[in-house]
Amino acid sequence: MEVVSVELTDFRNYEQQTIGFQPGLNLVVGLNGQGKTNLLEAIHALSVMGSHRAGQSAALVRHGQERALVRADGFSRSRPVHLDLEVKRSGGMRMLINKVPLERTRDAGTALATILFSPEDLALTKGGPEERRRFLDQIAVRLRPLAGQQRHEFERVLRQRNGVLKAAHSSATALATLDTWDEQLVRTGAAVVQARLDVLARLRPTAEKRHAEVAGSDRVPGFAYLAGWAPEIPDYESIPGLLEAAIKSSRSKDVERGVTTSGPHRDDLEIMLAGVEARTFASQGEQRSLALSLRLAERDLVAEARGEDPILLLDDVFSELDDTRREKLAELVFSSGQTVATATATAGIPLDAGRVIAVDGGRVTRDA
Ligand SMILES: Nc1ncnc2c1ncn2[C@@H]1O[C@H](COP(=O)(O)OP(=O)(O)OP(=O)(O)O)[C@@H](O)[C@H]1O
Ligand SMILES: [Mg+2]
């Protein structure tokens, strides 16, 4: 899968610009604040109908304008594909795939799949558990769209159970419905946990391999699912039972605090490096390499599931890696389909082939 050309209209700091891409590596170069990340964000939006850094889509529309357009021509499974994405300042996005309106946002990645690695991804290793849960949940959806529905259902049940717990403070009858909510929490929660474990089981060997490729193999990473409600999860069949027991035993605490204190919404993906927790002990460069291996592993899973390489978008990765890691990454990138990477300068980036796209103030000044 690849993108051949992208046309931006009033997207972030781009007024009107058409940018051509080549199959292998494309390097977007420019000084700070010129529009490098904006360009990656636009390509990524075609695949996820959202932004990795803007909470609201209105931020994507150029100041003073009402709507932004991203148009792209590319190939998906060797067939030509044309995408039209419209972002309204008033909120919301609309996408046409080959002129046909896309009905469900979650089907956005069907035409074009991208994997974005950005500076924000450092939060995968450095940030709180929520980032890592979201990472696993998002991959689960990419591999099996039904997982998204199951997670929404779990979140809805959780909200309702919390509502009942809060109401219980002033009304004893509210508690009467708690048994039903517990049952539903177990049923929907078990599905969420199973999906995460499934993703992790497939991700782990690939992430370990990718980490060895980028960072060398003397400091081995470890990835483990941490559930506060079960010290160990021996197999999928045991999930509902363990979850049920934990929810039962924390019921009085839950009622007292007015919130569900234990369950899949509190779980974590523990990331270790050389036997110790990476979040606390790994250096910034090591944390970045770990996050990068997780994204590359995601790339591999998506490639396997779709039978073709997704487009790899690398924002500012080369800057914080040391020379050896940079070279390893560059080698890796050459063997993984189309890549669009950004950097403030070509110097120090071990690339002898590839297209260089120079951006300056929302304009492409050189496209060679
Ligand atoms: N909605 C918008 N309308 C107009 N300009 C915007 C909008 N959103 C962001 N910008 C501008 O886009 C510019 C470039 O942003 P971008 O994040 O792409 O820079 P960059 O080239 O990646 O820089 P860096 O090297 O610092 O990461 C910023 O100066 C910002 O002010
Ligand atoms: Mg940037």
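Below, the structure is looked at part by part. Owing to the predicted nature of the structure, the values given are computational and were not obtained by experimental measurement.

## Topic: the pattern of salt bridges
Item 1. For the coordinates displayed, the defined rule picks out 31 salt bridges.
Item 2. Across the pair Asp10 and Arg62 runs a salt bridge, and its minimum N-O distance is 2.9 Å. Here Asp10 is found in strand β1 (residues 2–11), whereas its partner Arg62 is found in the loop between α1 (36–48) and β4 (67–76), with 52 residues between them in sequence.
Item 3. Owing to a relative accessible area of 22%, Arg62 belongs among the partly exposed residues under this scheme.
Item 4. The residue Arg251 makes a salt bridge to Asp182 at a minimum N-O spacing of 2.9 Å. Of this pair, Arg251 sits in helix α7 (residues 251–257) while Asp182 sits in helix α5 (residues 178–215); the two residues are 69 residues apart in sequence, bridging distant segments of the chain.
Item 5. Overall, the relative accessible area of 24% leaves Arg251 in the partly exposed class.

## Topic: the sheet that holds strand β11 (residues 276–277)
Item 1. With antiparallel pairing, 3 strands are arranged side by side in an open sheet as β9-β10-β11. Single-partner strands in this sheet number two, and they are β9 (221–226) and β11.
Item 2. Sheet analysis places β9 next to strand β10 (residues 268–273), joined by 6 bridges and oriented antiparallel. The residue bridging Tyr225 from the neighbouring strand is Leu269, located in β10.

## Observations concerning the site of ligand 1
Item 1. Taken together, 16 residues form the shell around ligand 1, and within it Gly33, Lys36, Thr37, Asn38 and Val61 come nearest.
Item 2. One of the backbone nitrogen or oxygen atoms of Gly35 is found 3.0 Å away from an oxygen atom of ligand 1.
Item 3. The backbone of Val61 places a nitrogen or oxygen atom 2.8 Å from a nitrogen atom of ligand 1.
Item 4. Considered class by class, the residues forming the shell around ligand 1 number 3 nonpolar, 9 polar and 4 charged.

## Comments concerning the nonpolar core
Item 1. Judged by nonpolar contacts, the single largest core of 104 residues is most densely connected at Leu8, Phe21, Leu85, Leu292, Leu314 and Leu329.
Item 2. With 14 residues, α5 is the single largest residue contributor to this core.
Item 3. Here this core spans two domains, since at least three of its residues come from each of domain 1 (2–113 + 313–367) and domain 2 (126–278).
Item 4. Other than its neighbours up to four places away in sequence, Leu329 contacts Leu292, Leu296, Leu314, Val317, Phe318 and Leu321.

Thresholds, definitions, all that
- Every chain begins its residue count from 1, and numbering advances along the sequence as written.
- All chains are assigned letters beginning at A, and all ligands numbers beginning at 1, according to the order in which they are written.
- Per-residue local features are limited, in this predicted model, to residues with pLDDT of at least 70; the limit for side-chain atom pairs, both in listing and counting, is 80 or more; totals at the level of whole chains, interfaces and linings are taken over all residues.
- For the side-chain quantities, the full set of heavy atoms in the structure was used; hydrogens and water were omitted.
- Within this document, salt bridges are pairs made up of a side-chain nitrogen of Lys or Arg and a carboxyl oxygen of Asp or Glu, the two lying within 4 Å of each other.
- To qualify as a helix, a DSSP run of H or I must reach at least 4 residues; to qualify as a strand, a run of E must reach at least 2; elements of each kind are numbered from the N terminus.
- For the exposure calls, accessible area comes from a 1.4 Å probe over protein chains only, and a residue counts as buried if that area is under 20% of its type's maximum, exposed if over 50%, partly exposed in between.
- In short, DSSP must find at least two bridges between two strands for them to pair.
- Here a residue is near a molecule or strand as soon as one of its heavy atoms is found within 4 Å of it.
- As used in this structure description, the phrase polar contact means that two N or O atoms lie within 3.5 Å; if the pair is within protein, one of them must be able to donate a hydrogen and the other to accept it, and residues adjacent in sequence are counted only when both atoms belong to side chains.
- Here the nonpolar group is Ala, Val, Leu, Ile, Met, Phe, Trp, Tyr, Cys and Pro; Asp, Glu, Lys and Arg are the charged ones; every other residue, Gly included, is treated as polar.
- Nonpolar cores are built from buried Ala, Val, Leu, Ile, Met, Phe, Trp, Tyr and Cys residues. Side-chain atoms within 4.5 Å join them into one set.
- Domain start and end points were adopted from an automatic or database domain assignment.
- Pairs of residues are marked as contacts when any of their non-hydrogen atoms sit within 4.5 Å.

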